[in-house]
Amino acid sequence: MRKRIIPDESASGSVPEGDWLDLDSLAEVEITSEDPDHPIEHALLPGSTSGWRAGQPGEQTIRLVFHTPQPIERIRLHFKETQIERTQQFVLRWSPDHGQTHHEIIRQQWTFSPGGSHEQIEDIDVTLSAVTRLELTIIPDISGGPTPASLAQLHLGGRTKPSH
């Protein structure tokens, strides 16, 4: 009997795990601050596990500026907090015209609790044909606490090839 293991498509979404855009070659990143021990590359590039952390508390922005307009079909955001109970808010927006206008993709609040919910993963299916900028704004603690923003992972999936 022949058999094969098929992937769980509900868990992996439309873009296979390894088919993320190469942000290192496609975009420049702008950030409001970063902790030298947790640079933004640790959240954007494959193989990194420590993620990004801001160098100071308060609202932070991570902006990807693409060299050429990019089609994007999937966005994965992964936030992790294991030590402090807090409610975070983030807004993810995109621009087709180099930042002259922005279109909101998602705005969300999440309460982290070290004894319970300590991870937030958003896997978002989108149909964006010509993204020139992608901007993530994070308010790490809506009550104004001294917590720096952090991001474990931000990955983007481009247009997938049709399967035959």
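The text that follows walks through the structure, step by step, so that each part is easy to find.

## So, the overall build of the protein chain
Helices and strands together make up the secondary structure of the protein chain, namely 3 helices and 8 strands. Reading the protein chain from its N end, one meets helices and strands in the order α-α-β-α-β-β-β-β-β-β-β. Taking all 164 residues of the protein chain together, 41% fall into the buried category. By sequence separation, contacts in the protein chain at least 24 residues apart represent 73% of the contacts at least 6 residues apart.

## Let's talk about a negative patch on the surface
Taken together, the side chains of Asp22, Asp24, Glu34 and Glu41 present a region of like negative charge at the surface. Mapped onto the fold, Asp22 is located in the loop between helix H1 (9-12) and helix H2 (23-26). Judged by its relative accessible area of 43%, Asp22 is partly exposed.

## Looking at the environment of Leu151
Relative to the helices and strands, Leu151 resides in strand S7 (residues 148-151). Classification of Leu151 as buried rests on a relative accessible area of 1%. Sequence separation of Leu151 and Ala43 is 108 residues, and the distance between their C-alpha atoms is 6.3 Å. Not counting chain neighbours up to four residues away, the residues in contact with Leu151 comprise Ala43, Gly51, Trp52, Ile62, Leu77, His78, Phe79 and Leu136.

## Some words on the pattern of salt bridges
In the structure shown here, the tally under the stated rule is 8 salt bridges. The partner of Glu135 in a salt bridge is Arg63, with the nearest N and O atoms 2.8 Å apart. Here Glu135 is found in strand S6 (residues 119-139), whereas its partner Arg63 is found in strand S3 (residues 60-80), with 72 residues between them in sequence. By relative accessible area, which is 22% here, Arg63 ends up partly exposed. Measuring nitrogen to oxygen at the nearest pair gives 3.1 Å for the salt bridge that ties Glu81 to Arg86.

Parameters at a glance
- Residues numbered from 1 in each chain as written.
- Predicted model: local features only at pLDDT ≥ 70, side-chain atom pairs only at ≥ 80, totals over all residues.
- Heavy atoms only, no water.
- Helix = DSSP H or I, 4+ residues; strand = E, 2+ residues; numbered from the N terminus.
- Buried < 20%, exposed > 50% of the residue type's maximum accessible area, 1.4 Å probe, protein only.
- Contact = heavy atoms within 4.5 Å.
- Patch = residues over 30% accessible without salt bridge, like charges linked within 9 Å, V, L, I, M, F, W, Y side chains within 5 Å.
- Areas by Shrake-Rupley, 256 points an atom, 1.4 Å probe, with all protein chains shown as cover.
- Salt bridge = Lys/Arg side-chain N within 4 Å of Asp/Glu carboxyl O.
- Lys, Arg positive; Asp, Glu negative; His and termini not counted.
- Charge placed at Lys NZ, Arg CZ, Asp CG, Glu CD.

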